[in-house]
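# Close look at the chain arrangement
Spelled out, the chains give:
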Amino acid sequence: MRTYSTNTPHIPGRWRRIGSAAAATTALLIAGLGTAAHASADTATAQPKASGKAIAAAVAKAHVQYESACGATPKKGFASCNALRVTSGTTAFQEEQAAKKGVAPATVKPNAASATPTGYGPSDLRSAYGLTSASTSGGSGQTIAIVDAYDDPNAEADLATYRSYYGLSACTTANGCFKKVSQTGSTTSLPTADSGWAGEISLDVDMASAIAPNAKILLVEANSSSMADLGTAVNEAVKLGAKFVSNSYGGGESSSDTSYDSSYFNHPGVAITVSAGDAGYGAEYPAASKYVTAVGGTKLSKSSTTRGWTESVWNTSSTEGTGSGCSAYDAKPTWQTDTSCTKRMIADVSAVADPATGVSVYDTYGSDGTGWNTYGGTSASAPIIAAVYALAGTPSSSSYPAQFPYQHTSSLNDVTSGSNGTCSTSYFCTATTGYDGPTGLGTPAGTTAFTG
């Protein structure tokens with residue numbers, strides 16, 4: 001797991017951690033999808049040339065390599081983002097498109113520009129999570145805040161490209177839909193720009209747009225990746241009126257966490273989502289905060305089931321996969337009733353995070369800002385869940401929205417297969433019927449589980 005250490009708090013550029021999302025390989029013959037952008041660009045335009053079972057079989061062949069976006073393990077009091085950028089291989093989306101068209105699958109090439117998306121788009125995610133209708137009609141008047149470190153100078157322009165490609169309404173500063181501020185609320189005095197965190201920012205705002213395109217987006221950029229700065233940015237997001245705050249970062253736990261809880265994350269009536277981590281079994285903070293919704297990660301694939309999708313615990317290797325675990329410091333919230341962890345258990349719910357079944361993101365800032373990329377990590381699942389909360393409506397003023405899913409367990413897709421490591425208590429790291437650490441209570445099946 002990522003833990004706090006004596007490393008420098010921020011290293012410009014990238015810590016290159018390469019992962020392989022599956023052992024299987026397929027013939028990789030052509031590059032690029034070669035289709036023009038259009039309003040329904042995330043669905044195949046051609047009629048499928050293969051059955052549902054054949055498409056599912058092709059999707060299962062997806063295998064990729066990826067890198068961590070935001071640098072080396074941070075020192076105590078700092079966090080790293082949980083975004084993973086695919087650098088090579090064949091994604092599930094590419095395998096699906098190839099099967100439908102009866103051609104060889106396209107490939108992702110390291111640092112190469114892709115003319116079109118290589119990961120799942122809005123309609124895929126809405127279909128998987130029962131949100132097609134809610135995404136069309138819900139979210140108006142809501143503000144989803146994205147809290148990240150450092151500045152992405154191209155955030156608004158890149159968001160415009162993503163939304164235009166997928167036929168989503170414009171979300172700009174000029175029309176009042178998009179706003180970017182510093183941790184003190186300034187629109188002009190912004191943090192230093194950073195390429196890695198810019199990719200994280202693009203991932204976050206794109207996922208909020210994919211799920212809740214009618215909602216406004218407030219991007220709050222912290223001065224650094226310290227918990228003090230990121231926490232100050234969370235407070236600023238709430239001060240500016242956001243009822244939904246997504247946080248795609250984390251680090252090892254410490255005795256300071258309970259202090260951070262009261263200073264930054266105790267906001268009744270606000271749905272605060274936090275990534276569970278990308279380093280496999282082991283608790284991270286602030287996902288361990290009893291005041292937040294901790295979001296785990298799944299492998300999401302097309303299937304021939306009635307739902308049309310299947311999910312399992314995202315796990316690439318012993319050190320790469322969704323986080324989970326029993327907190328060493330944070331008290332157990334009253335609504336969490338699993339019996340073997342006396343303190344806070346991670347996670348609460350989950351959504352797609354496996355880079356091999358990753359999501360499409362548009363990013364042009366920095367050395368890896370090559371345009372269309374596919375991203376995974378629990379940095380994808382946290383903003384997805386924040387946006388589902390936004391579709392579900394404003395939380396009641398005195399509530400802690402992390403408890404809502406526990407009141408509606410039947411309104412979630414229970415994930416029952418896979419694990420993210422080895423642990424002495426099985427459900428801490430292995431999926432099972434009902435609650436488990438890696439996927440929590442499950443993934444969204446509509447918005448009901450996120451109301452209260």
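Residues numbered from 1 in each chain as written. Predicted model: local features only at pLDDT ≥ 70, side-chain atom pairs only at ≥ 80, totals over all residues. Heavy atoms only, no water.

Turning next to the state of the cysteines. The tally for this structure, following the rule as stated, stands at four disulfides. Two residues, Cys-70 and Cys-81, share a disulfide whose sulfurs are 2.0 Å apart. Classification of the bridge connecting Cys-70 and Cys-81 rests on its S-S torsion, roughly 90°, and on that basis the disulfide is right-handed. Separated by eleven residues along the polypeptide, Cys-70 in the loop between strand E3 (63-68) and strand E4 (80-81) and Cys-81 in strand E4 bring together distant segments of the chain. Comparing Cys-70 with Cys-81, the two get one shared label, buried. A disulfide bridge connects Cys-326 with Cys-341, and the sulfur atoms are separated by 2.1 Å. Taking the sign of the torsion about the S-S bond as the criterion, the disulfide between Cys-326 and Cys-341, at about 85°, is right-handed. (Disulfide = S-S within 2.5 Å. Helix = DSSP H or I, 4+ residues; strand = E, 2+ residues; numbered from the N terminus. Buried < 20%, exposed > 50% of the residue type's maximum accessible area, 1.4 Å probe, protein only.)

Spatially, three strands are ordered E4-E11-E14 in an open sheet, and the strand pairing comes out antiparallel. Strand pairing shows two members of the sheet lacking a second neighbour, E4 and strand E14 (284-285), which therefore form its edges. Pairing geometry for strand E11 (residues 249-252) and E14, over two bridges, is antiparallel. Across the sheet, Gly-251 pairs through a bridge with Tyr-285, a residue of E14. (Pairing = 2+ DSSP bridges.)

So, on to the nonpolar core. One finds Leu-125, Ile-144, Val-147, Val-245, Tyr-249 and Phe-265 to be the most contacted residues of the largest nonpolar core, which totals 119 residues. By residue number, the principal contributor to this core is helix H9 (residues 378-392), which donates nine residues. Excluding residues that lie within four positions of it along the chain, Leu-125 makes contacts with Tyr-120, Met-207, Ala-210, Ile-211, Leu-300, Val-352, Val-359 and Ile-384. (Core = buried A, V, L, I, M, F, W, Y, C linked by side-chain atoms within 4.5 Å. Contact = heavy atoms within 4.5 Å.)

A separate point is the pattern of salt bridges. Under the definition given, this model contains nine salt bridges. In this structure, the salt-bridge partner of Asp-151 is Lys-180, at a minimum N-O distance of 2.9 Å. With Asp-151 in the loop between strand E7 (143-149) and helix H5 (155-165) and Lys-180 in strand E8 (residues 178-182), the pair connects residues that are 29 residues apart, well separated along the chain. You can call Lys-180 buried: its relative accessible area is 17%. Taken together, the salt bridges that share partners define one network made up of Glu-67, Arg-85 and Asp-368. (Salt bridge = Lys/Arg side-chain N within 4 Å of Asp/Glu carboxyl O.)

What follows is about the packing of helix H1 (residues 52-59) against helix H2 (residues 92-101). Across the interface, H1 lies against H2 with an axial gap of 8 Å and an inter-helix angle of 145°. The handedness of the crossing between H1 and H2 comes out as right-handed. For the pair H1 and H2, contact is made by Ile-55, Ala-58 and Val-59 and by Ala-92, Glu-95, Glu-96, Ala-99 and Lys-100, respectively. (Axes fitted to C-alpha atoms, helices over the stretch in contact; angles between N-to-C directions. Left-handed = near helix turned anticlockwise from the far one by under 90°.)

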